[in-house]
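Survey of secondary and tertiary structure
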Protein chains: 2
Amino acid sequence: MRITDLQYYLALTDNHNFSQVSQQFHVSQPTVSLAIQRLEKEVGAQLAIRSSHHNIVSLTHAGQVFAQHAQAILEQYNLALTEIGRIDEQSLLLGLPPIIQISYFPEIAGRLSNQALEHLKTVEVGAHKAIQLLQDGKLDASFLGYLEAINQNDFQVLQFDQRPFEIVVANDHPLATRPTISFKELADQNFILLKGSFIHKQAFEQLAQANHLQPNILFSSSEPYAILNLVSQNRGIGFMVSSKNIQHPDVKFIPLSDPEQPQLKVGFVYRKSPILTTEQNTIFNEILAAIHTPML
Amino acid sequence: MRITDLQYYLALTDNHNFSQVSQQFHVSQPTVSLAIQRLEKEVGAQLAIRSSHHNIVSLTHAGQVFAQHAQAILEQYNLALTEIGRIDEQSLLLGLPPIIQISYFPEIAGRLSNQALEHLKTVEVGAHKAIQLLQDGKLDASFLGYLEAINQNDFQVLQFDQRPFEIVVANDHPLATRPTISFKELADQNFILLKGSFIHKQAFEQLAQANHLQPNILFSSSEPYAILNLVSQNRGIGFMVSSKNIQHPDVKFIPLSDPEQPQLKVGFVYRKSPILTTEQNTIFNEILAAIHTPML
DNA sequence: CAAAGTTATTAATTTTTTTAATAGCAAGGG
DNA sequence: CCCTTGCTATTAAAAAAATTAATAACTTTG
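These figures come from a predicted structure and were not determined experimentally. (Residues numbered from 1 in each chain as written. Chains lettered and ligands numbered in written order. Predicted model: local features only at pLDDT ≥ 70, side-chain atom pairs only at ≥ 80, totals over all residues. Heavy atoms only, no water.)

1. Some words on the relation of the copies chain B and chain A
Between chain B and chain A, which share one sequence, the superposing operator has a rotation angle of 179° and an axial displacement of 0.0 Å; the RMSD is 0.2 Å. With respect to symmetry, the two chain copies, as superposed, fit the operation of a two-fold axis. Every residue of chain B has its C-alpha some distance from the rotation axis, and the shortest such distance is that of B:Arg2, at 2.2 Å. Of all interface residues in chain B, 100% are interface residues in chain A too; the two copies therefore contact each other through one and the same surface. (Least-squares fit on C-alpha atoms with pLDDT ≥ 70 in both. Contact = heavy atoms within 4.5 Å.)

Quick look at the structure:
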């Protein structure tokens, strides 16, 4: 069985037309015809039901089953090629969601050696995209921010921190003296949110829904300091995970008192048995050591 | 890329010897040599480090990465062959753990049409083995008995019932009048357990451990009625999930009062997007309908 | 019933794979 | 040291497999 035959077959399952497949791959029509016959002989079952009827090639039951496996094989094949293609770059390619980049990565980076930092490349991705890229072999590992535990069979997810979302108000805001605030007290406030952070939005909506509110969102910025500035001018209030990396003299972070509140969970994810060069492995272990030390 | 080349390569990763691989596959040594060269050319990287040195062929980093993918591809290939090989039998092959066979399957079978029952074949398997066989394409679906939620990415697990384990005593046993019993009261009892049911054993040990006991197990039988008989003769007490399919006039099932007690969870598992013949699909849907009706 | 669109078959050609023979290399034993 | 042993690579020839162009055969459609 050859990979090209599988490619023809998979194209056929899309196309339902031998001739078109042959054109797609710049080969003659009998090539495709014979390729499919070869496959059928090898698996011992008819895969496609041909009809000189215009346009209609349908799959047998075996053909449908086989299509799934053919796809899986091709994916694995492509994965192999991209992964091996990436080997020469001796760096470790890391996914980094925006929130982590802001709130955690400075601290983690501080714990890494220069040698490790030099060979570390990061790509900005959300949690969903990160898993996708890992699956495609386009990332070696990724940080993740999420609200609900992530379960991915083939990947190891290490959760290394968790912290609540807080309300940000100006120091001279009426709420600034409060030790805690419940979300439903904020029905009339204007919110300034973090743009591009799917997680902040998700957490915000979760709280809004639980409290049956539809809070007004004044503005979204992808730059946390822009938000703190606007908050300090009392243009609105913020909703953000507190972090020692995000500070402003004129604003105050106030915890929520809601009994059920979303928590930002922060994790590190990688293939269960990653094969790394010794250089990559060194960096990898440094990162693992860094996240195993509690965050401030 | 051909499957046979991958087979040679994988054998080589075991063997570290081109000549032995060639003998294994009854081909000449240059065949293997050239196959590996072809692979290396196709993936664009050296895979094996040869040495005319006796016995030492080692893998490059790329070679190790590629070995993983080669294995995955071969597994998928074999899976395709076995699955397609099973298609002709028009029946649905179902895994059935012993406990389910005794406690649930009679009721479920009663809800199926004759047509469905005729084409249903069952294989006795534990939960672990069931998932293994599903992954190998050797089962279409399986019932599962388990204590802790099962998480399997590629499979759909429907939990359709859950019930506690109970103590079985003879009607004239001193404990027979009790509405409930706590497990730690049973330290001095002789137990008669269900043999071959990994789940019963696991639940029993869980309770024993939680109560810091090492209860005496008098006997294990794989036949539930043998247990009930012995219990009725006051030879010992039983530990079993109650079921209307397992009854005996001279014994009584008594619930445990322990706050934390294991529950037998009963589920049905199948590939997320199963491809079934229309006949199989009919049976499949009947089973789904049957388990969606609450059990007695 | 002819035209258009499809897949299968055939025989010739081309490409790829396999082989037998052999070269070449390194280690180990006398 | 040299010969033997055990290995892989390289050849050139042979065998096998894949591809093609040409064409047959079939079905629907106008």
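There is more to say, and it comes next.
2. Things to note about the domain arrangement of chain A
Residue and element names in this part refer to chain A. Once the domains are mapped, chain A shows domain 1 (3–86), domain 2 (92–161 + 265–292) and domain 3 (164–261). A C-alpha centroid distance of 37 Å is found between domain 1 and domain 2. Taken together, the contact pairs four residues of domain 1 with eight residues of domain 2. Each partner contributes to the roughly 440 Å² buried at the junction of domain 1 and domain 2, and carbon and sulfur atoms together form 38% of this total. Contact with domain 2 buries surface across domain 1, with Leu 79, Glu 83 and Arg 86 losing the most and accounting together for 86% of the total. Applying the counting criterion to the domain 1 and domain 2 interface returns four residue pairs in polar contact (both at pLDDT 80 or more). Split by residue class, the side of domain 1 that touches domain 2 holds one nonpolar, one polar and two charged. (Domains from an automatic or database assignment. Buried area = accessible area lost by both parts, 1.4 Å probe. Polar contact = N/O pair within 3.5 Å; in protein donor to acceptor, adjacent residues only side chain to side chain. Nonpolar A, V, L, I, M, F, W, Y, C, P; charged D, E, K, R; others polar.)

3. Looking at the nonpolar core
Soluble globular proteins tend to bury their nonpolar side chains together. Counting 62 residues, the largest nonpolar core has A:Leu6, A:Tyr9, A:Phe66, B:Leu6, B:Tyr9 and B:Phe66 as the members making the most contacts within it. Among the secondary structure elements, those contributing two or more residues to this core are helix H1 (3–15), helix H2 (18–24), helix H3 (29–43) and helix H4 (61–86) of chain A together with helix H1 (3–15), helix H2 (18–24), helix H3 (29–43) and helix H4 (61–86) of chain B. Dropping the residues within four chain positions of it, A:Tyr9 is found in contact with A:Ile36, A:Leu39, A:Leu47, A:Leu59, A:Gly63, A:Gln64, A:Phe66, A:Ala67 and A:Ala70. (Core = buried A, V, L, I, M, F, W, Y, C linked by side-chain atoms within 4.5 Å. Buried < 20%, exposed > 50% of the residue type's maximum accessible area, 1.4 Å probe, protein only. Helix = DSSP H or I, 4+ residues; strand = E, 2+ residues; numbered from the N terminus.)

4. Side note on the interface of chain B and chain A
Listed per partner, the contact involves 32 residues of chain B and 32 residues of chain A. Here chain B packs against chain A, burying approximately 3000 Å² in sum over the two surfaces, 66% of which is carbon and sulfur. The largest contributions to the chain B side of the interface with chain A come from B:His61, B:Ile84 and B:Ile275, which together make up 21% of the buried area. At the boundary of chain B with chain A, the tally comes to zero salt bridges. Viewed at the interface, chain A and chain B are joined by ten residue pairs in polar contact (both at pLDDT 80 or more). Those elements that provide at least two residues to the side of chain B that touches chain A are H3 and H4 of chain B. Ranked by residues supplied to the side of chain B that touches chain A, first place goes to H4(B) with 16 residues. Taken together, the residues of the side of chain B that touches chain A sort by class into 17 nonpolar, eleven polar and four charged. (Salt bridge = Lys/Arg side-chain N within 4 Å of Asp/Glu carboxyl O.)

5. Structural notes on the environment of A:Ile99
All names here are of chain A. For Ile 99, the position within the fold is in helix H5 (residues 98–103). Overall, the relative accessible area of 5% leaves Ile 99 in the buried class. Residues Ile 99 and Gly 145, 46 residues apart in the sequence, show an inter-C-alpha distance of 7.3 Å. Setting aside residues up to four positions removed in sequence, Ile 99 forms contacts with Tyr 104, Ser 197, Ile 199, His 200 and Leu 264.

6. Thoughts on the packing of H4(A) against H4(B)
Packing of H4(A) against H4(B) brings their axes to within 9 Å, and their N-to-C directions diverge by 180°. With respect to each other, H4(A) and H4(B) are oriented roughly antiparallel. Listed contacts from H4(B) to A:Ala62, A:Val65, A:Phe66, A:His69, A:Ala72, A:Ile73, A:Gln76, A:Tyr77, A:Leu79, A:Ala80, A:Glu83 and A:Ile84 of H4(A) are B:Ala62, B:Val65, B:Phe66, B:His69, B:Ala72, B:Ile73, B:Gln76, B:Tyr77, B:Leu79, B:Ala80, B:Glu83 and B:Ile84. (Axes fitted to C-alpha atoms, helices over the stretch in contact; angles between N-to-C directions. Parallel < 35°, antiparallel > 145°, perpendicular 65-115°, else oblique.)

7. Topic: the pairing of strand E8 (residues 216–221) of chain A
Residue and element names in this part refer to chain A. Pairing geometry for strand E7 (residues 190–194) and E8, over five bridges, is parallel. What sits directly across from Leu 193, in E8, is Ser 220. For the handedness criterion, the β-α-β arrangement of E7, helix H9 (residues 198–210) and E8 is classed as right-handed. (Pairing = 2+ DSSP bridges. Right-handed = clockwise from strand over helix to strand, strands pointing away.)

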